[in-house]
Amino acid sequence: MSITCVVGVQWGDEGKGKIVDWLAERSDVVVRFQGGGNAGHTVVARGRKYVLHLIPSGILHPGRLNVIGNGVVLDPEQLLAEVDGLRGRGIRVGRNLLVSDRAHLVMPWHKLLDRLCEEGQGKSKIGTTNRGIGPCYADKMSRIGIRVGDLLDPSLFRERVARVLSEKNRILRCLYGHPPLRAAAIIRQYLAWGRRIRPFVADTVDLLNAAVSRGRRVLFEGAQGTLLDIDFGTYPFVTSSNSDACGIAAGSGVPASRVQRVLGVVKAYVTRVGSGPFPTELLGPEGERLRERGGEYGATTGRPRRCGWFDVVAARHAVTINGIDAIAVTKLDVLDDLAEIPVCVAYRVRGRRVTAFPADVKSLAEAKPVLVSHPGWRTPVGGARRYGDLPPAARRYLAALARSLDVRLGMVSVGKDREETIVMDGWK
Ligand code: IMP
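None of the values given here were measured: they were computed from a predicted structure. (Residues numbered from 1 in each chain as written. Predicted model: local features only at pLDDT ≥ 70, side-chain atom pairs only at ≥ 80, totals over all residues. Heavy atoms only, no water.)

Along its length, the protein chain carries 13 helices and 20 strands. With respect to the three principal axes, the spread of C-alpha positions in the protein chain is 65 × 50 × 40 Å. Within the protein chain, the proportion of its 428 residues that are buried is 57%. Across the protein chain, every contact between residues at least 6 apart in sequence was considered, and the portion connecting residues at least 24 apart equals 75%. When the accessible surface of the protein chain is summed, it comes to about 17500 Å², and 52% of that surface belongs to carbon and sulfur atoms. If you average the places of the 63 positive and of the 43 negative side-chain charges in the protein chain, the two averages end up 2 Å apart. (Helix = DSSP H or I, 4+ residues; strand = E, 2+ residues; numbered from the N terminus. Buried < 20%, exposed > 50% of the residue type's maximum accessible area, 1.4 Å probe, protein only. Contact = heavy atoms within 4.5 Å. Areas by Shrake-Rupley, 256 points an atom, 1.4 Å probe, with all protein chains shown as cover. Lys, Arg positive; Asp, Glu negative; His and termini not counted. Charge placed at Lys NZ, Arg CZ, Asp CG, Glu CD.)

In structure tokens:
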């Protein structure tokens, strides 16, 4: 099928990078449609590790077109650092990368306000990545954002920066006692970046729709995960975009009706970075063990991730929101030495059994997981390349996850490398 979307089913960091990389090899166009430099997609190819924040993972495959859609918020400094880093490692970045002229620019005040606002929140802070994501999307909605296309018109860009910055400087001074940012320096720096970005800038909407109409294989690469979605996640402890399949149409201009299959990526357990409720979180040595075995430290910020058992209630919610057809289960190998693997099948909230994912964070914070244990396999699974190579208990665990979500099993990842992947027949 030619139009595929890959989304995170949990709170991000499900290992989408590796799955997208596998699918990118079998695609013509790879598209990012939301989020920004807050994402960190890790791909290990032939023993070399690449962490991509803004550029779609298709960049690692020659001949693929990579598109940063209008729904992405773009920090030009970060984009260029990524371009230089890839080129420095021998990866071609040129006409194989396009940036939508409608994408909004992350400006210095966004990053500054992200940090200052978080610092002022004390205990109720979101735990953002400090990349300016929330303030940039807020300005987009307030209709005072500055877009990539504006960078190409210096006089328009100067005018916009001057207008927006005078308001931002008032906020900085009055709310935070912060000295003003200087328009001239910002304008000079951004216009210089703009000259370097110009060759990548395009109206990507027609181009993408034409690719779809011509039957090109297009892959939409979701960043973060459904539980961080601004509408359907654990609000307010979420990111500021529709970080699931709901974001495709608005973030790329390709109608949702064109998407033919949605692959949801789930870790064999669950992790979360930042604050917010996490019903299956393990605060003791079991959580520590998952963190160490799974190398659960943020690809963007290096922060230790909170770890917990697989949560069917939350995952079912994500399956519904995204219309997920199949799941890719990652990091199965992290569970190799466990005798028992608990899975959360319902919550208890104030004495009541709940199987629908609650909208309010208070209920979620109070939710106690109802756990059902599965026998572990206690054998390394890293060498398995076909489903039949997996130990029976591992197959039973995977089948139970897919059954509980009422989806097919599409892929299983048993290690970091590209090769350490099992692909079920329907996904080849
Ligand atoms: P922001 O996206 O930087 O505003 O952060 C909002 C929340 O989303 C915080 O809890 C972050 O830790 C989380 N978050 C943002 N991007 C990612 C990601 O790529 N993986 C996991 N969590 C993320």
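Moving on: unusual backbone geometry. In this chain, Tyr 235 is followed by Pro 236 through a cis amide linkage whose omega measures 5 degrees. Position of Pro 236 relative to the elements: it lies in the loop between strand 10 (218-221) and helix 9 (247-252). Within the chain, Asp 13 stands out as a residue other than glycine whose phi angle is a positive 60 degrees. Here Asp 13 is to be found in the loop between strand 1 (3-8) and helix 1 (16-24). Phi is positive for Lys 331, close to 60 degrees, though the residue is something other than glycine. Structurally, the position occupied by Lys 331 is in the loop between strand 15 (326-330) and strand 16 (340-349).

Attention now goes to the pairing of strand 19 (residues 408-413). Counted residue by residue, strand 19 has five buried out of six residues, so it is predominantly covered. In this structure, strand 15 lies alongside strand 19, joined through four bridges in parallel fashion. Bridged to Ala 326 within strand 19 is Arg 408. The pairing of strand 19 with strand 20 (residues 421-423) spans three bridges and is antiparallel. Across the sheet, residue Ser 413 finds its bridge partner in strand 20, namely Thr 421. (Pairing = 2+ DSSP bridges.)

This paragraph deals with the packing of helix 3 (residues 108-121) against helix 6 (residues 154-176). At their nearest, the axes of helix 3 and helix 6 sit 11 Å apart, and the two run at 20 degrees to each other. Regarding the angle of helix 3 to helix 6, the classification is roughly parallel. Between helix 3 and helix 6 lies a crossing of left-handed hand. Contacts between helix 3 and helix 6 involve Trp 109, Leu 112, Leu 113, Leu 116 and Cys 117 from the first element and Val 161, Val 164, Leu 165, Lys 168, Ile 171, Leu 172 and Tyr 176 from the second. Looking at the contact of helix 3 with helix 6 residue by residue, the classes come out as 11 nonpolar, no polar and one charged. (Axes fitted to C-alpha atoms, helices over the stretch in contact; angles between N-to-C directions. Parallel < 35°, antiparallel > 145°, perpendicular 65-115°, else oblique. Left-handed = near helix turned anticlockwise from the far one by under 90°. Nonpolar A, V, L, I, M, F, W, Y, C, P; charged D, E, K, R; others polar.)

Here we take up the pairing of strand 16. Burial of strand 16 is extensive: seven of the 10 residues sit out of reach of the surface. Bridging between strand 14 (residues 310-311) and strand 16 involves two bridges; their strand directions are parallel. The residue bridging Asp 311 from the neighbouring strand is Cys 344, located in strand 16. Bridge count for strand 16 against strand 18 (residues 368-375) is eight bridges, and the pairing is antiparallel.

Taking 1.5 Å as the rise per residue, helix 2 (residues 76-88) with 13 residues should run 18 Å; its terminal C-alpha atoms sit 18 Å apart, in good agreement. For helix 2, the full list of buried residues reads Pro 76, Gln 78, Leu 79, Leu 80, Glu 82, Val 83 and Leu 86. Summarising the contacts, the buried residues of helix 2 are in contact with strand 4 (48-52), strand 5 (65-68), strand 6 (73-74), strand 7 (97-100), strand 8 (104-105) and helix 7 (183-197). One side-chain oxygen at the N-terminal end of helix 2 lies 3.1 Å from the backbone nitrogen of Glu 77; it belongs to Asp 75. Following helix 2 by one or two positions, Gly 90 has its phi on the positive side, about 85 degrees. (Expected span 1.5 Å × (residues − 1). Polar contact = N/O pair within 3.5 Å; in protein donor to acceptor, adjacent residues only side chain to side chain.)

Take the packing of helix 2 against helix 7 next. At a minimum axis separation of 10 Å, helix 2 and helix 7 run at an interaxial angle of 45 degrees. Between helix 2 and helix 7, the angle falls in the class oblique. Handedness of the crossing formed by helix 2 with helix 7: left-handed. Here Pro 76, Glu 77, Leu 79, Leu 80, Asp 84 and Arg 87 of helix 2 come into contact with helix 7, specifically with Tyr 190, Trp 193, Arg 196 and Ile 197. Class assignment of the residues belonging to the contact of helix 2 with helix 7 gives a composition of six nonpolar, no polar and four charged.

Right, let's get into the site of the ligand. The environment of the ligand is made up of 15 residues, and the closest members are Asp 13, Asn 38, Thr 129, Thr 239 and Arg 303. One of the backbone nitrogen or oxygen atoms of Gly 127 is found 3.3 Å away from an oxygen atom of the ligand. In the complex, the protein chains occlude 96% of the 470 Å² of accessible area that the ligand would expose alone. In the shell around the ligand, the residues fall into six nonpolar, seven polar and two charged. (Near = heavy atom within 4 Å.)

Our focus in this paragraph is the layout of surface pockets. Counted as a void, the second largest pocket has a volume near 270 Å³. In this structure, the second largest pocket is lined by 15 residues; those nearest its centre are Tyr 137, Lys 140, Met 141, Ser 241 and Asn 242. Looking at the lining of the second largest pocket, the elements with two or more residues in it are helix 4 (133-141) and helix 9. Ranked by the residues each element gives to the lining of the second largest pocket, the list is headed by helix 4, at four residues. Among the residues forming the lining of the second largest pocket, the class breakdown is six nonpolar, seven polar and two charged. (1 Å grid on protein atoms, 1.4 Å probe; cavity = no way out; pocket = protein on both sides within 12 Å on 5 of 7 lines; lining within 4 Å. Points joined across faces, edges and corners; volume = space filled by probe spheres on them.)

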